[in-house]
Amino acid sequence: MLVVDDDPTVAEVVAGYLTGAGYDVARAADGPAALDLCAARRPDLTVLDLMLPGMDGFEVCRRMRAYGPVPVIMLTARGDEEDRVLGLETGADDYVTKPFSPRELVLRVDSVLRRARTAAAPSGPSALLTGAGLVLDPAARRATSGDRVLSLTLREFDLLAFFLRHPGRVFTREELMSEVWGWDFGDLSTVTVHVRRLRGKVEADPASPELIRTVWGVGYRLDLPPAGGTADPAEPRPGAGATSPPATAGAGSGPADPGPAVAGDPEGGAPS
């Protein structure tokens, strides 16, 4: 376990709780030191602060990926939503806002590690998951779209696999967080960001998604086209005429909304 934070008090508290939970913990105070430790011995998981001197957490996360898949939990300042979203887009598996409960952080670490180990565990032959030109091999953790190999993070792969196992069914963000992340709590924008990232990799036009659809006031649904056909046109925004194109910007969302607007998501707000 690697803890990267330039605040010695935070690093000491995090390392202490993780050690108490039975983990072997190494510490680094900046990006270069963290990368040196990662190169010498790739950690099972990294707890990474965003605001590091010299090289920020985003860049450290990107460079760590060069050594192979490393689950990352990012620590961010309270209210820095843009940082949290960017962290997830960089490939972080989860984030925890400061100030945070050390016990909650340990629970997040347990959850991310459990999911990562389950994904990496050897298993016997499993059925391929297919649809709309996508082919997922859960045993090999390999995904392709036509002739193109998809570069998916751990969560993106699990999310796409879940959708392919349940085509045509609508899932709320709470249900996706429970089924895919294994969490009963957490910021639901995590799901929104991963859906956006996944659309960017599997949709022909992520701004007008035809596979992973937003269902207004409910959540998301995977629509697979019939054999030899194409998906139905996107559903119009509630209150819009049948011939109106789906809106990509709006003025906020209600409490049942799938979340902040993302590219191709007409939940409200400026598309990102």
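This text gives an overview of the structure that appears in the document. (Residues numbered from 1 in each chain as written. Predicted model: local features only at pLDDT ≥ 70, side-chain atom pairs only at ≥ 80, totals over all residues. Heavy atoms only, no water.)

1. Some points on the overall build of the protein chain
Which entries qualify depends on this criterion: Each helix is a run of H or I in the DSSP string that is no shorter than four residues. Each strand is a run of E no shorter than two, and both are numbered from the N terminus. Working definition: with a 1.4 Å probe on protein chains only, accessible area under 20% of the residue-type maximum means buried, over 50% means exposed, and in between means partly exposed. Every residue pair with non-hydrogen atoms within 4.5 Å of one another is taken to be in contact. Note on areas: these come from Shrake-Rupley sampling with a 1.4 Å probe, and a residue is covered only by the protein chains present in the view.
The helix and strand tally for the protein chain stands at 8 helices and 12 strands. Burial status across the protein chain gives 47% buried among its 272 residues. Of all intrachain contacts in the protein chain linking residues separated by at least 6 positions in sequence, the fraction that spans at least 24 positions is 55%. Carbon and sulfur atoms make up 53% of the accessible area of the protein chain, which amounts to about 12700 Å² in all.

2. As for the sheet that holds strand β12 (residues 219-222)
Our working definition: Between any two strands, at least two bridges found by DSSP are needed for them to pair. Interaxial angles span 0 to 180 degrees and are taken between N-to-C directions of axes, which are lines fitted to C-alpha atoms, for helices over the stretch in contact.
Spatial strand order, β10-β12-β11: 3 strands in an open sheet with antiparallel pairing. Of all strands in the sheet, those bounded by a partner on one side alone are β10 (170-172) and β11 (212-215). With strand direction ignored, the average angle separating the axes of adjacent strands in the sheet is 35°. Running at roughly 140° to β11, helix α8 (residues 189-202) makes contact with β11 and β12 of the sheet.

3. Thoughts on the packing of helix α6 (residues 154-165) against helix α7 (residues 173-181)
Condition: With respect to orientation, any angle under 35 degrees is reported as roughly parallel, any angle over 145 as roughly antiparallel, any angle of 65 to 115 as roughly perpendicular, and every other angle as oblique. Put simply, a crossing is left-handed when the front helix is turned counterclockwise from the back one by less than a right angle, and right-handed when it is turned clockwise. Nonpolar residues are Ala, Val, Leu, Ile, Met, Phe, Trp, Tyr, Cys and Pro. Charged residues are Asp, Glu, Lys and Arg, and all others, Gly as well, are polar.
The geometry of α6 relative to α7 is characterised by a closest axis approach of 10 Å and an angle of 110° between their N-to-C directions. When the axes of α6 and α7 are compared, the pair comes out roughly perpendicular. Between α6 and α7 the crossing geometry is right-handed. Contact residues: α6 offers R155, D158, L159, F162 and F163, while α7 offers L176, E179, V180 and W181. Among the residues forming the contact of α6 with α7, the class breakdown is 6 nonpolar, no polar and 3 charged.

4. Brief notes about the sheet that holds strand β7 (residues 134-137)
Hydrogen bonds between backbone groups are what pair the strands of a sheet, and the pairing can be parallel or antiparallel. The 4 strands lie next to each other as β6-β7-β8-β9, forming an open sheet whose pairing is antiparallel. In this open sheet, the two edge strands, each paired with only one partner strand, are β6 (129-131) and β9 (148-149). Where strand β8 (residues 142-145) lies against β9, 2 bridges are found, and the strand directions are antiparallel. In the strand pairing of β9, S145 is matched with R148.

5. A short note on the pattern of salt bridges
Condition: By definition here, a salt bridge exists when the distance from a side-chain nitrogen of Lys or Arg to a carboxyl oxygen of Asp or Glu is within 4 Å.
Per the counting criterion, the structure on display carries 12 salt bridges. Between E156 and R197 there is a salt bridge, with the nearest N and O atoms lying 2.4 Å from each other. Taken together, the positions of E156 in helix α6 and R197 in helix α8 put the pair 41 residues apart, joining distant regions of the chain. This pair shows no difference in class: E156 is buried, exactly as R197 is. Each of D5, D49 and K98 takes part in a single network of salt bridges with overlapping partners.

6. A short note on the nonpolar core
Stated formally: By nonpolar core we mean a set of buried residues, namely Ala, Val, Leu, Ile, Met, Phe, Trp, Tyr and Cys, connected to one another through side-chain atoms within 4.5 Å.
Ranked by size, the top nonpolar core spans 46 residues in total, and within it L18, V47, L105, V109, L176 and I212 carry the most contacts. Counting only elements with at least two residues in this core, the list comes to α1 (8-20), β4 (72-77), α5 (102-120), β7, α6, α7, α8 and β12. Excluding residues within four positions of it along the chain, I212 makes contact with F163, V195, L198, R199, V202, E203, Y220, R221 and L222. V4, L35, L48 and A92 belong to the second-largest nonpolar core, a separate cluster that totals 18 residues.

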